[in-house]
Amino acid sequence: MSNNFNELQAAETFLMVVNGGSFAAAAKLKGENPSSISRSIAQLEAHLNVRLLNRTTRQVKITEAGETYKLYARQMLENQQAARDALTQLQSGKPQGVVRVSLPVIVGEKILAPRLPEFHERYPDVHLQLDLSNRNALIVEEGFDIAVRMGPLQDSSLRARKIATIWRKLYASPAYLEKYGVPQTPADLAGHQCIAFSQRGDLKEWEFWPRHGQGLSQKHRVASWLTCSSPMMVVRAIQAGLGLGRSADWMLQGALARGELIEILEDWYCDNPAHGGLPMYLVFPPGPGSQLSLKARVVADFLEEIVLAEFKKA
């Protein structure tokens, strides 16, 4: 094999073949002929001592080893780009490059979206790739730099920064309360329809903690004819008089001001006060140190800033 063999370049060619489905497609992208692409892949396979692709006269299929190498090839190229970005930022003192962020739909649409013009004005060379979803994305496997998570963290290997605490309350519309009455205790919920937020779709019990005194919490099974993974759909259903529901007050500022929603069971917490409510975290991939890249740091700081501003308004 030539001493000039460059695994990074060969890995990039390999990914082009895999993504394009053929040597011809990769050759077109690189402005080379297919035989040159084939030679590069053969050198890579010889270097790794494993077959990455099975070739036939009509198609190219990736092998099991190729699937494994594909993940590392992407990581190598991303690391190379990250290194270039870091050096460029070090020289210029300005954040630049791509930052991939996973965040809940409600946080992205209600908090971040209105402030995007401000972010772009501050950091015009930072390019955001946003994934808005109520699922907990696989941060490392899916290549995210930052994720916003609500609730207790499950993966202790991830770095995290707590940025806020959410306190949920129980709400209903005036029309619903007029028709079905106002529950006075958590036990009264057994006689009401409830609108539940759950990412699993199987929420059956709600727990309440007394706001005054040291009493024990109460768990009650609720009749929930509507369970969904969208917190805003829960709010819309409550506003429409379809049932009682729990929500964070920062999501309801307009509806509360207009009298479209009323807090009920005010003497009870919907979240455990011993845990300080429901935490909101910024979560980062594991790393050897706590220092974030400049581009990731400015995004993280901006997210914390706008979340705190939104909660302060509430």
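This text follows the structure it describes.
Thresholds, definitions, all that
Residues numbered from 1 in each chain as written. Predicted model: local features only at pLDDT ≥ 70, side-chain atom pairs only at ≥ 80, totals over all residues. Heavy atoms only, no water. Buried < 20%, exposed > 50% of the residue type's maximum accessible area, 1.4 Å probe, protein only. Helix = DSSP H or I, 4+ residues; strand = E, 2+ residues; numbered from the N terminus. Pairing = 2+ DSSP bridges. Expected span 1.5 Å × (residues − 1). Polar contact = N/O pair within 3.5 Å; in protein donor to acceptor, adjacent residues only side chain to side chain. Core = buried A, V, L, I, M, F, W, Y, C linked by side-chain atoms within 4.5 Å. Contact = heavy atoms within 4.5 Å. Salt bridge = Lys/Arg side-chain N within 4 Å of Asp/Glu carboxyl O.

Peer 1: Could you give an account of the pairing of strand β5 (residues 146–150), naming the residues involved and the relevant values?
Peer 2: Of all 5 residues that make up β5, 4 are buried, and the element is covered over most of its length. Note: strand β3 (residues 97–103) against β5, 2 bridges, orientation parallel. In the sheet register, Val101 faces β5, and the bridge partner there is Ile146. Sheet topology places β5 next to strand β15 (residues 278–284); 4 bridges connect them, and they run antiparallel. Residue pairing across strands places Ala147 opposite Val283, the latter belonging to β15.

Peer 1: Let's hear about helix α1 (residues 7–20): which residues, and what values?
Peer 2: Side chains three or four residues apart in an α-helix point the same way, a direct result of the helix having 3.6 residues per turn. An ideal rise of 1.5 Å per residue puts 20 Å on 14 residues; α1 measures up with 19 Å between its terminal C-alpha atoms. Of the residues making up α1, those classed as buried are Ala10, Ala11, Thr13, Phe14, Leu15 and Val17. The N-capping residue of α1, defined by a side-chain oxygen 2.9 Å from the backbone nitrogen of Leu8, is Asn6.

Peer 1: Give a description of the nonpolar core that names residues and reports values.
Peer 2: Soluble, globular proteins show a tendency: their nonpolar side chains are buried together. Residues Ile146, Trp250, Met280, Leu282, Val299, Leu303 and Phe311 are the most contacted members of the largest nonpolar core, which totals 42 residues. A per-element tally of this core places helix α10 (residues 294–313) first, with 9 residues. What Ile146 contacts, discounting residues up to four positions off in sequence, is Val99, Arg100, Val101, Ser102, Leu282, Val283, Phe284, Ala296, Val299, Ala300 and Leu303. In terms of nonpolar packing, the next biggest core, distinct from the first, is built from 18 residues, Ala11, Ala26, Leu52 and Val60 among them.

Peer 1: If you had to explain the pairing of strand β9 (residues 205–210) to someone new, which residues and values would you point to?
Peer 2: Inspection of the sheet shows β9 paired to strand β10 (residues 218–221) by 4 bridges, in the antiparallel sense. Its bridge partner being in β10, Glu205 is matched across the sheet by Arg221. Pairing of β9 with strand β14 (residues 268–269), which is carried by 2 bridges, proceeds in the antiparallel orientation. Counterpart to Pro210 in the pairing with β14 is Trp268.

Peer 1: Could you give me a rundown of the pattern of salt bridges, with the residues and numbers involved?
Peer 2: Applying the stated criterion across every chain yields a total of 15 salt bridges. Two residues, Glu118 and Arg122, come together in a salt bridge whose shortest N-O distance is 2.7 Å. Separated by 4 residues within a single helix, Glu118 and Arg122 lie in helix α6 (residues 116–122), roughly one turn from each other. Relative accessible area serves as the criterion here: at 27%, Glu118 is assigned to the partly exposed category. Assessed through its relative accessible area of 35%, Arg122 is described here as partly exposed. For Arg122, the salt bridge is made with Glu305, and the minimal N-O distance between the two is 2.7 Å. Highlighted residues: Arg122 in helix α6 and Glu305 in helix α10, separated in sequence by 183 residues. Glu305 sits in the partly exposed class, given a relative accessible area of 32%. Bridged by salt links that share partners, the residues Arg115, Glu118, Arg122 and Glu305 form one connected network.

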